[in-house]
Amino acid sequence: MSAASSTIRVGVVGAGGIAAGAHLPTLKSHEGRVEVVGLADVDPDRVARVADEWGIPGRHGGIDELLEAERPDLLVLCTPPSAHREGVMKGLRAGAWVWCEKPPMLTLAEYDEVAALEREGGPYASYVFQHRFGSGAQRLKRHVQEGTLGRPLVALCNTLWYRPHSYYDVAWRGKWETEGGGPAMGHGIHQMDLLLEILGDWTEVSATAAALDRDVETEDVSAATVRLASGALATVVNSVLSPREVSYLRFDFQDATVEVEHLYGYDNSSWTWTPAPHVGEEVPADWTPEEDVPSSHRRQLGELLDAMAAGVRPRASGDDGRRVLEFIAALYQSAETGRPVRRAELTRSGTYYAGMHDAAHDYRVADNTAGVVPTPAEEPAR
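Our subject in this report is the structure included herewith. (Residues numbered from 1 in each chain as written. Predicted model: local features only at pLDDT ≥ 70, side-chain atom pairs only at ≥ 80, totals over all residues. Heavy atoms only, no water.)

## Here's the deal with the sheet that holds strand β10 (residues 233-239)
The strands making up a sheet associate through hydrogen bonds between their backbones, and the pairing can be parallel or antiparallel. Taken together, the eight strands give an open sheet; going across it, the order is β13-β12-β11-β7-β10-β9-β8-β14, and neighbouring strands pair in mixed fashion. Each edge of the open sheet is held by one strand with a lone partner, namely β13 (271-275) and β14 (341-342). The sheet strands contacting helix α6 (residues 135-146) are β11 (241-253), β12 (256-262) and β13, and the helix crosses β13 at an angle near 30°. Here helix α9 (residues 189-199) sits on the sheet and contacts β7 (152-162), β8 (202-210), β9 (221-228), β10, β11, β12 and β13; the angle it forms with β11, its principal contact strand, is near 5°. (Pairing = 2+ DSSP bridges. Helix = DSSP H or I, 4+ residues; strand = E, 2+ residues; numbered from the N terminus. Contact = heavy atoms within 4.5 Å. Axes fitted to C-alpha atoms, helices over the stretch in contact; angles between N-to-C directions.)

Written out as structure tokens, the structure is:
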């Protein structure tokens, strides 16, 4: 933060859809606390267009130029996944805090390499997991901590989305080297992070995955059963093949079922609270949130700015940001090896530490032993 002002100087890297659709409106909503001083992108026309729209003075062709010219306090990364490692490392080395879009990194090894650059009191790198920050999730997490709904027993975590074949025309999508994985990595990561945020650590995962219909290197669907440290059991499904799209989590406790159904974000109306028969038909008044705060980039950024002011580690960083990436690595390991993977077995070495995938495994082949690459179904005429 600049000595002359308490306003946080922000640089944004990447001027695509996630920047214009989510991050720049979020930064605008915190006007007074932050000032966006620079925008960088490899496409100069896009930089000029977006910077003009949002009144950003600094326009740059890359992250190095932005960091040198603007010296931001906070660097916001809205780049494709393969650029996250380099971008976060450059930001931290320049003394900037970093807020990076998901997935945090392509591998656990990259995550740990970046985390080694953080320093006590900051700068820290934090990652976008905005669904943690809505009032419904916050209230339910407090119930779990206090035990007021009884023990958690069963959970469902479904990210059932639809991405047409043309979605993968973008060169970096659907490839291990540039996207790091399929829907488990790039789509379901938000709901899986929310599952673990509410119910806590996982201990074992058994998964299967396949490329059933899209022409991709990665999977296009996965399914897993999960044992949690609490003893509860969960199922997790991630898909980009599902025409009726939904993001759905269900938590069954001894005394209640709590559900949230949405697509890309929720408010209190997205949640359903159902008492068990022995509790009664009416939802107790103290079960539901006291305020209605939607899940959003805005709420997470507010907490991040508070952490910067206090010089403390924000949520969704460090070990707290690593947990879901660790889970995804284990999910892929289980799907590719055909055996359950325990969290206690994970090490800081080996195939699934340095990557998310064993190159010998082909998701496009049934049982990974025989078959041919499926031909994508024709898309409807446009």
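Once the structure has been displayed, the description carries forward.
## As for the packing of helix α3 (residues 63-70) against helix α4 (residues 84-93)
At a minimum axis separation of 11 Å, α3 and α4 run at an interaxial angle of 15°. With respect to each other, α3 and α4 are oriented roughly parallel. The crossing of α3 and α4 is right-handed. Two secondary-structure elements touch here, α3 through I63, D64 and L67 and α4 through G87, K90 and G91. Classifying every residue of the contact of α3 with α4 by side-chain character gives two nonpolar, two polar and two charged. (Parallel < 35°, antiparallel > 145°, perpendicular 65-115°, else oblique. Left-handed = near helix turned anticlockwise from the far one by under 90°. Nonpolar A, V, L, I, M, F, W, Y, C, P; charged D, E, K, R; others polar.)

## Re the pairing of β8
Judged from the eight bridges that link them, β8 and β9 form a sheet pairing that is antiparallel. Across the sheet, V205 pairs through a bridge with V226, a residue of β9.

## Observations concerning the pattern of salt bridges
Scanning the model with the defined rule gives 33 salt bridges in all. Residue D112 is joined to R348 by a salt bridge in which the shortest nitrogen-to-oxygen separation is 2.6 Å. Separated by 236 residues along the polypeptide, D112 in helix α5 (residues 108-115) and R348 in the loop between β14 and α12 (351-354) bring together distant segments of the chain. Here D112 falls in the buried class, since its relative accessible area comes to 14%. (Salt bridge = Lys/Arg side-chain N within 4 Å of Asp/Glu carboxyl O. Buried < 20%, exposed > 50% of the residue type's maximum accessible area, 1.4 Å probe, protein only.)

## Let's talk about the packing of α6 against α9
For any two helices packed against each other, the geometry comes down to the angle between their axes and how far apart the axes lie. Two numbers describe how α6 lies on α9: the axes approach to 8 Å, and their chain directions differ by 40°. Residues A137, L140, K141 and V144 of α6 touch α9, and the partners they reach there are L194, E197, I198 and L199. A class-by-class count of the residues in the contact of α6 with α9 yields six nonpolar, no polar and two charged.

## Observations concerning the packing of aromatic side chains
Throughout the structure, instances matching the rule amount to nine aromatic pairs. Here Y167 and Y168 contribute two aromatic rings whose centre-to-centre distance is 5.0 Å and whose plane-to-plane angle is 85°, an arrangement assigned as edge-to-face. Each of the two residues, Y167 as well as Y168, counts as buried. Judged by centre distance (5.5 Å) and plane angle (75°), the rings of W202 and F327 are edge-to-face. Residue W202 is located in strand β8, and its partner F327 is located in helix α11 (residues 318-337); the two are separated by 125 residues in the primary sequence. (Phe/Tyr/Trp six-rings, centres within 6.5 Å; stacked < 30°, edge-to-face > 60°.)

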